[in-house]
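Chain by chain, the residues run as shown.
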Amino acid sequence: SLQVKWKGKDLFDLVCRTLGLRETWFFGLQYTIKDTVAWLKMDKKVLDHDVPTEEPVTFHFLAKFYPENAEEELVQEITQHLFFLQVKKQILDEKIYCPPEASVLLASYAVQAKYGDYDPNVHKRGFLAQEELLPKRVINLYQMTPEMWEERITAWYAEHRGRARDEAEMEYLKIAQDLEMYGVNYFAIRNKKGTELLLGVDALGLHIYDPDNRLTPKISFPWNEIRNISYSDKEFTIKPLDKKIDVFKFNSSKLRVNKLILQLCIGNHDLFMRRRKADSLEVQQMKAQAREEKARKQMERQRLAREKQMREEAERTRDELERRLMQLKEEATMANEALMRSEETADLLAEKAQITEEEAKLLAQKAAEAEQEMQRIKATAIRTEEEKRLMEQKVLEAEMLALKMAEESERRAKEADQLKQDLQEARESERRAKQKLLEITSKSSYTQSMNSSTTALPTDMPSFNLISESLSFDFKDTDMKRLSMEIEKEKVEYMEKSKHLQEQLNELKTEIEALKLKERETALDILHNENASRGNSKHNTIKKVS
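Bear in mind that the values here come from a model prediction, so they are computed numbers and not experimental data.

Enquirer: What's the story with the sheet that holds strand 2 (residues 36–39) in this structure? I'm lost.
Expert: Pairing between the strands of a sheet is mediated by backbone hydrogen bonds and can be parallel or antiparallel. With respect to topology, three strands assemble into an open sheet ordered 2-1-3, the strand pairing being antiparallel. In the strand order of this sheet, the two ends are held by strand 2 and strand 3 (60–63), each with one partner. Here the strands of the sheet are splayed against their neighbours by 45° on average, with no regard to which way each runs.

Enquirer: Is there a simple way to explain the nonpolar core in this structure?
Expert: As a rule of thumb, soluble globular proteins bury nonpolar side chains together. In terms of nonpolar packing, the biggest core is built from 90 residues, with F27, V87, I91, Y172 and L206 touching the most fellow members. Element by element, the count of residues in this core is highest for helix 4 (residues 100–115), at nine residues. Each of domain 1 (8–177) and domain 2 (185–277) gives at least three residues to this core. Ignoring any residue separated from it by four or fewer positions in sequence, one finds V87 in contact with Y66, I96, Y172, L173, A176 and Y182. By size, the runner-up hydrophobic cluster in this structure holds six residues, among which are A346, L349, A353 and L419.

Enquirer: Honestly, the packing of aromatic side chains in this entry has me stumped. Any pointers?
Expert: Here a ring pair, both rings aromatic, is described through the centre-centre distance and the interplanar angle of the planes. Here the structure, examined in full by the defined rule, presents 18 aromatic pairs. Their ring planes at 75° and their centres at 5.5 Å tell us that Y118 and Y157 sit as a pair that is edge-to-face. Linking Y118 in the loop between helix 4 and helix 5 (136–141) with Y157 in helix 6 (residues 146–157), this pair joins segments that are 39 residues apart in sequence. Of the two residues, Y118 and Y157, both sit in the buried class. Both rings, one in F236 and one in F250, keep their centres 5.1 Å apart while their planes meet at 10°; by these two values the pair is stacked. A residue pair is termed long-range when its members are at least 10 positions apart, and F236 in strand 9 (residues 235–240) and F250 in strand 10 (residues 248–252) qualify at 14 residues. It is R214 that lies over the ring of Y186; its NZ or CZ is 4.8 Å from the centre. Lying across the ring of W25, R274 places its NZ or CZ 4.9 Å from the centre.

Enquirer: Please explain helix 7 (residues 165–176) as it appears in this structure.
Expert: Turn by turn, an α-helix covers 3.6 residues, leaving residues three or four places apart pointing in a common direction. The terminal C-alpha atoms of helix 7 lie 17 Å apart, and with twelve residues this matches the ideal 16 Å at 1.5 Å per residue to within 8%. For helix 7, the buried fraction is high: ten of the twelve residues fall into the buried class. For helix 7, the full list of buried residues reads D166, A168, E169, M170, E171, Y172, L173, K174, I175 and A176.

Enquirer: Quick question: what am I supposed to make of helix 13 (residues 523–533) here?
Expert: Residues of helix 13 that are buried: D525, L527, H528 and N531. All buried residues of helix 13 lie within an arc of 165° about the axis, which places them on one face of the element. Summarising the geometry of helix 13, the exposed residues directed more than 90 degrees from the buried face are A523 and S533. Tucked into the core, helix 13 has its buried residues touching helix 5. Positive phi shows up at G535, right after helix 13, with a value of about 80°.

Enquirer: Help me understand the confidence of the model for the protein, please; the structure alone is not making it clear to me.
Expert: In low-pLDDT regions, the fine details of the predicted coordinates are not to be read closely. A residue-level look at the protein finds 86% of positions with pLDDT of 70 or above and a mean pLDDT of 82. Across the protein, the secondary-structure element scoring lowest on mean pLDDT is helix 11 (residues 462–470), at 32, and the one scoring highest is helix 3 (residues 77–92), at 95. Segment residues 446–480: pLDDT under 50, and 41 contacts once partners within four positions in sequence are set aside and those in other chains are kept.

Enquirer: In this structure, what is going on with the sheet that holds strand 8 (residues 226–232)? I would like to understand it.
Expert: If you trace the seven strands from one edge of the open sheet to the other, you get 7-6-5-4-10-9-8, paired in antiparallel fashion. Where the open sheet ends on each side, the last strands, each with one partner, are strand 7 (219–222) and strand 8. Here the average twist between neighbouring strands, direction ignored, is 30°. As paired strands, strand 4 (residues 185–191) and strand 5 (residues 196–201) are joined by six bridges and run antiparallel to one another. Paired with F187 across the bridge in strand 5 is L199. The sheet contacts of helix 8 (residues 255–275) involve strand 4, strand 5, strand 6 (205–209), strand 8, strand 9 and strand 10, and relative to strand 8 the element is tilted by about 160°.

Enquirer: Would you mind going over the packing of helix 3 against helix 7 with me for this structure?
Expert: Between two packed helices, what matters for the description is the angle formed by their axes and the separation of those axes. For the pair helix 3 and helix 7, interaxial distance at closest approach is 9 Å and the crossing angle is 50°. Our classification of the angle between helix 3 and helix 7 gives oblique. Note that helix 3 runs across helix 7; the crossing there is left-handed. Here E77, Q80, H81, F83, F84, V87, K88 and I91 of helix 3 lie close against helix 7, whose contacting residues are R165, D166, E169, M170, Y172, L173 and A176. A breakdown of the residues in the contact of helix 3 with helix 7 according to their chemical character gives eight nonpolar, two polar and five charged.

Enquirer: Got a minute to help me understand the side chain of H81 in this structure?
Expert: When you line up the elements, H81 lands in helix 3. The exposure class assigned to H81 is buried, which follows from its relative accessible area of 18%. For H81, the contacting residues outside a window of four places in its chain are R165 and E169.

Enquirer: Hey, could you run me through the side chain of R137 in this one?
Expert: Checked against the element boundaries, R137 lands in helix 5. R137 has contacts with E94, Y97, C98, T522 and D525, leaving out every residue within four places of it along the chain.

Thresholds, definitions, all that
Residues numbered from 1 in each chain as written. Predicted model: local features only at pLDDT ≥ 70, side-chain atom pairs only at ≥ 80, totals over all residues. Heavy atoms only, no water. Pairing = 2+ DSSP bridges. Helix = DSSP H or I, 4+ residues; strand = E, 2+ residues; numbered from the N terminus. Axes fitted to C-alpha atoms, helices over the stretch in contact; angles between N-to-C directions. Core = buried A, V, L, I, M, F, W, Y, C linked by side-chain atoms within 4.5 Å. Buried < 20%, exposed > 50% of the residue type's maximum accessible area, 1.4 Å probe, protein only. Domains from an automatic or database assignment. Contact = heavy atoms within 4.5 Å. Phe/Tyr/Trp six-rings, centres within 6.5 Å; stacked < 30°, edge-to-face > 60°. Lys NZ or Arg CZ within 6 Å of the ring centre and 35° of its normal. Expected span 1.5 Å × (residues − 1). Arc of directions from axis to C-beta. pLDDT = per-residue confidence, 0-100. Parallel < 35°, antiparallel > 145°, perpendicular 65-115°, else oblique. Left-handed = near helix turned anticlockwise from the far one by under 90°. Nonpolar A, V, L, I, M, F, W, Y, C, P; charged D, E, K, R; others polar.

This is the structure we're talking about:
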């Protein structure tokens with residue numbers, strides 16, 4: 001609960017301690033009074049501020065000052081995360097203008113930060129349906145369904161594989177900090193002639209804008225070229241360092257606004273000068289700790305990646321062995337069935353051979369009986385010619401029958417021999433089938449033993465333990481040198497990626513241009529396109545108008 005005697009610093013420090021935040025100079029506690037933004041003063045009692053009378057009084061913990069270069073200046077991960085959340089909200093609320101193609105890219109980094117690496121089995125179509133990822137202005141500008149936007153965001157999201165949450169958030173900030181309205185506080189002012197203008201205060205200096213164009217300043221005063229800033233009542237005075245340049249005077253709407261402008265000027269100027277000096281001992285210590293923490297996390301990620309790779313390889317080996325085992329089981333089943341069929345065939349052939357042999361014996365017996373009958377007939381006395389002729393005819397018929405019997409007997413004997421040969425081949429086939437079944441059974445038992453050794457994949461696999469034991473978390477010079485080399489390599493890679501990034505943005509812009517509804521373009525869209533066609537960026541525009 002808020003103590004009656006607490007000053008602004010007491011409440012602010014409590015919030016910072018709760019968050020574990022050390023880079024406190026970027027932040028403040030904001031509240032709104034009579035439609036005007038105000039910041040809690042550190043040396044003044046909280047209840048002495050002109051805060052709203054209704055309870056509860058709401059203070060917003062927000063970034064008051066922005067870095068020039070997020071990657072170089074934001075040291076702690078919590079600082080980076082808070083800036084990421086605030087800038088993302090400002091872009092989605094359209095307080096910072098962001099072109100459509102850059103909005104899609106930023107959305108893809110926001111998805112990487114939230115969901116981790118893209119996995120098509122997990123991140124299926126429609127998984128972003130409930131996410132707020134693009135400014136409404138961008139969605140309304142194109143004839144595109146939510147599914148079409150998701151498809152384009154996911155295509156870029158898939159390319160960010162391997163980036164941790166803090167890395168994805170930093171990439172987001174590196175792109176966002178180049179947007180023209182990033183980090184600028186705008187105030188309605190009038191010059192001495194009464195012309196309505198806008199004053200912009202940011203990390204680089206003071207900028208004067210037309211009310212209809214918040215992207216491109218008419219005049220800029222970098223902090224290192226300003227000698228003095230002061231206000232009297234509602235009149236504000238900017239004195240340049242170069243005395244030949246005219247003093248710039250303007251009026252704001254309220255005294256309270258003048259106080260806020262001066263606060264922002266002093267704070268931004270102090271940070272501007274601090275960046276150009278050697279880091280304080282506290283910042284050096286924080287940066288060293290951050291480097292060590294980054295190195296530790298990187299080594300931990302590499303260890304986890306190696307363990308994951310080994311686990312996946314072991315699972316693939318297990319799956320392959322299981323597949324091979326199933327294949328061998330199928331082969332064994334087929335061989336067993338073939339063996340059973342061979343045994344049945346052999347039994348049938350043996351039975352048929354026995355029957356044929358018996359038939360051949362019977363025919364041979366009948367042939368012998370026919371021969372005997374023929375001899376008996378020949379020996380019988382034939383008394384009459386007619387009987388003789390009949391007898392001759394009978395003898396002829398008997399001879400023909402005997403000849404046929406002999407032929408049939410010989411054919412049956414051959415058939416019996418052939419069946420014996422088939423039986424012998426069936427026995428040989430049966431023997432080979434049994435041999436193959438024996439081989440498959442032996443292979444199967446070997447595979448099962450291999451499978452049992454690889455199926456279980458405990459988290460503390462011996463090989464993983466060896467890897468863990470080989471790692472050292474002592475940050476020796478060699479580790480830091482290696483990390484420095486990696487950082488240098490990352491810088492070179494970033495230069496190459498930035499070129500690739502611009503090509504990707506242009507490609508997407510071209511791709512969705514045909515779906516744009518020109519009549520829905522806002523004034524800022526038109527101004528941005530004009531700046532882009534002239535090759536104007538945030539930084540070179542400020543240099544031109546300084």
